[in-house]
Amino acid sequence: MLYPKKHNNIWEFPVHHMRGGTSTGLVIWEDIAPQQTELREELLRHLMGVPLIGEQPGNRQITGLGRGPATSNKVFFATLEQSDQGLRLVSTLAQLAAEHGRIDWSVNCGNMSSALQIWAIHTGQIDARAAGAHTLEIFNTNTGVSTTSRVMIDSDGQFSTAEIPGVMGLHPAVDLFLHNPVGAKTGTLLPTGNATDVIDGCRVSCVDVAVPMVIIRAEDMSKTATESMQALEADPHFMTRLKVIWTAAGLKMQLRHKDGRLLTADELAASETIPKVCIVAAPQDGGDIAVRYFTPQTGHNSMAVSGGCCLAAATLIPGSVAHDIAGKSLSAEATEQFIGIENPAGILGASVISRHTPEGIDIQQAAYQRSAQVLLQGYMPLYGASPALQQALAEISQLPR
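Residues numbered from 1 in each chain as written. Predicted model: local features only at pLDDT ≥ 70, side-chain atom pairs only at ≥ 80, totals over all residues. Heavy atoms only, no water.

A few points about the environment of Ile274
At step 1: Note that Ile274 resides in the loop between helix 6 (265–270) and strand 14 (276–281).
At step 2: Residues Ile274 and Lys185 lie 89 residues apart in sequence; the distance between their C-alpha atoms is 9.3 Å.
At step 3: Excluding anything up to four places from it in sequence, Ile274 contacts Val211, Pro212, Leu255, Arg256, Leu263, Leu268 and Pro296. (Helix = DSSP H or I, 4+ residues; strand = E, 2+ residues; numbered from the N terminus. Contact = heavy atoms within 4.5 Å.)

In structure tokens form, the structure reads like this:
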């Protein structure tokens, strides 16, 4: 592992510049990062090229490794530790923005999380030379949630690869499994108590796996789920009706604020986060189901990770709108099933481990397939680092190795 070093009287800091899914950013070894929050945040601003103080509208981050949009302004701090279940990776995400230096420590990123096992392998902290499946538990400190990352090594010792929507070419494939994803917000698989409801004349399924989502049969809205997102968002009648449906569905699901208060109709109509909503139809291009997904106010040009897991799980629920289209079946033994979700960017691969029990469907894990790669590893000089940051790096550089 690399440590901070001084070269030509300038402190340099080691980083991995990586892509995970459709996001890019840095992975930093937690053990060599400053522990004081203010110094850690200063380090991140230098590395990513965002303002050290104040705001700078139109900043293009030409002094750092960030790339403008939020999807390319992510930094993970990561370390390996022993837990009761064995070796696990502990991750903490810092979300930056181009135009200011404020850092959000409250969220995780599923896309960038797919880079973490690749990072651990690349740095030699875990061994993945043997052919077959290699798994690694990832605990995220921002959310307190654990996932399991899985890569496959082929018989020739190389990573199994995948091509994912929005990314050119084949790269190491990573499956990220969400544990016990049912009832993420409502505590139940079917928050309305029904596999299918009728709202505003449309057949819908309200499902809560990783995220609460309203799944609408596209035909009932005179759509095909093959339209461009631009065309759908430009249709005022469709967008108005979509809001009516997700608002009514949110009330039926009894969605709540973090403090437990029920969301009102006005709050649901204005919500930027829940419920997610999508229209679905029969596949046209080799997948299992076609979708157009909203978050909910705006259309998504591909398919979000959590929404993909929820829709994949819904294909296993008898009587749901998604099951009527994809027709997946269950057995008494827990099995992993792959679901191909056609979206504007291509086909998102998702997997669900589930079984049928006398009490109903038991969804144990849901996973989405991403690919990841190391873009570059090395040292970045920290021009203009404060005396306090320089002192912290000097102390870190002397740690036992």
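The discussion continues.
Some words on unusual backbone geometry
At step 1: Cis geometry is found at the peptide bond from Ile274 to Pro275, where omega equals -5°.
At step 2: Looking along the chain, the bond that leaves Thr295 and enters Pro296 is cis, with omega of 5°.
At step 3: With respect to the secondary-structure elements, Pro296 resides in the loop between strand 15 (289–294) and helix 7 (305–314).
At step 4: One non-glycine residue, Asn9, lies in positive phi territory at about 70°.
At step 5: By the element assignment, Asn9 lies in the loop between strand 1 (5–7) and strand 2 (10–20).
At step 6: The backbone phi angle of Asn180 is positive, close to 45°, even though this residue is not glycine.
At step 7: Note on placement: Asn180 falls in the loop between strand 10 (171–179) and strand 11 (197–199).
At step 8: A residue is classified by how much of its surface remains accessible, and Asn180, at 66% relative accessible area, is exposed. (Buried < 20%, exposed > 50% of the residue type's maximum accessible area, 1.4 Å probe, protein only.)

Some details on the environment of Glu342
At step 1: Locating Glu342 in the fold gives a position in strand 16 (residues 335–343).
At step 2: What Glu342 contacts, discounting residues up to four positions off in sequence, is Pro283, Gln284, Asp285, Gly286, Gly287, Ile289, Ala290, Val291, Arg292 and Ile347.
At step 3: A distance of 2.8 Å separates the side chain of Glu342 from the backbone nitrogen of Gln284, its partner in a polar contact. (Polar contact = N/O pair within 3.5 Å; in protein donor to acceptor, adjacent residues only side chain to side chain.)

Section: the nonpolar core
At step 1: Counting residues in each nonpolar core, the largest one holds 57 residues, and the members touching the most others are Val207, Ile215, Ile216, Leu242, Leu311 and Ile341.
At step 2: It is helix 5 (residues 236–253) that contributes the most residues to this core, 7 residues altogether.
At step 3: Sequence-distant contacts of Leu242, that is, excluding residues within four places in its chain, are made with Ile216, Met221, Val277 and Phe294.
At step 4: Within the second largest apolar cluster, 56 residues are counted, among which are Trp29, Val75, Leu136 and Leu393. (Core = buried A, V, L, I, M, F, W, Y, C linked by side-chain atoms within 4.5 Å.)

Overview of helix 9 (residues 387–397)
At step 1: Three or more residues of helix 9 are buried, namely Leu389, Ala392, Leu393, Ile396 and Ser397. End-on view of helix 9: buried residues confined to an arc of 135°, all on one side of the axis. When the buried face of helix 9 is taken as reference, the exposed residues oriented beyond 90 degrees from it are Pro387 and Glu395.
At step 2: Packing partners of the buried residues in helix 9 comprise strand 2 and helix 1 (37–48). (Arc of directions from axis to C-beta.)

Here we look at the environment of Thr123
At step 1: Here Thr123 is to be found in the loop between helix 3 (116–122) and strand 7 (132–140).
At step 2: Taking the relative accessible area as the measure of exposure, Thr123 reaches 18% and is therefore buried.
At step 3: When the C-alpha atoms of Thr123 and Trp29 are compared, they prove to be 9.7 Å apart, with 94 residues separating the residues in sequence.
At step 4: Setting aside residues no more than four positions away along its own chain, Thr123 makes contact with Met1 and His16.

Focus: the side chain of Gln61
At step 1: Here Gln61 lies in the loop between helix 1 and strand 4 (74–83).
At step 2: The class for Gln61 is buried, based on a relative accessible area of 2%.
At step 3: Within the local environment of Gln61, its side chain forms a polar contact with the side chain of Asn73, the two groups lying 2.6 Å apart.

Let's talk about the pattern of salt bridges
At step 1: All chains considered together, the criterion is met by 15 salt bridges.
At step 2: Measuring nitrogen to oxygen at the nearest pair gives 2.9 Å for the salt bridge that ties Asp200 to Arg241. Residue Asp200 is found in the loop between strand 11 and strand 12 (202–209), and its partner Arg241 is found in helix 5; the two are separated by 41 residues along the sequence.
At step 3: With a shortest N-O distance of 2.9 Å, Arg203 and Asp324 are connected by a salt bridge. One end of the pair, Arg203, is in strand 12; the other, Asp324, is in helix 8 (residues 321–326), with 121 residues separating them in the sequence.
At step 4: By relative accessible area, which is 23% here, Arg203 ends up partly exposed. (Salt bridge = Lys/Arg side-chain N within 4 Å of Asp/Glu carboxyl O.)

Observations concerning the packing of aromatic side chains
At step 1: One pass over the structure, following the stated rule, counts 3 aromatic pairs.
At step 2: Between Phe238 and Phe294, the ring centres sit 5.9 Å apart and the planes meet at 50°, which makes this aromatic pair tilted. On the criterion of sequence distance, the pair formed by Phe238 in helix 5 and Phe294 in strand 15 is long-range, its members being 56 residues apart. For the pair Phe238 and Phe294, one class covers both residues: buried.
At step 3: Above the face of the Tyr379 ring, Lys5 is positioned so that its terminal group lies 4.2 Å from the ring centre.
At step 4: Over the ring of Phe77 we find Arg40, and its NZ or CZ is 4.4 Å from the ring centre. (Phe/Tyr/Trp six-rings, centres within 6.5 Å; stacked < 30°, edge-to-face > 60°. Lys NZ or Arg CZ within 6 Å of the ring centre and 35° of its normal.)

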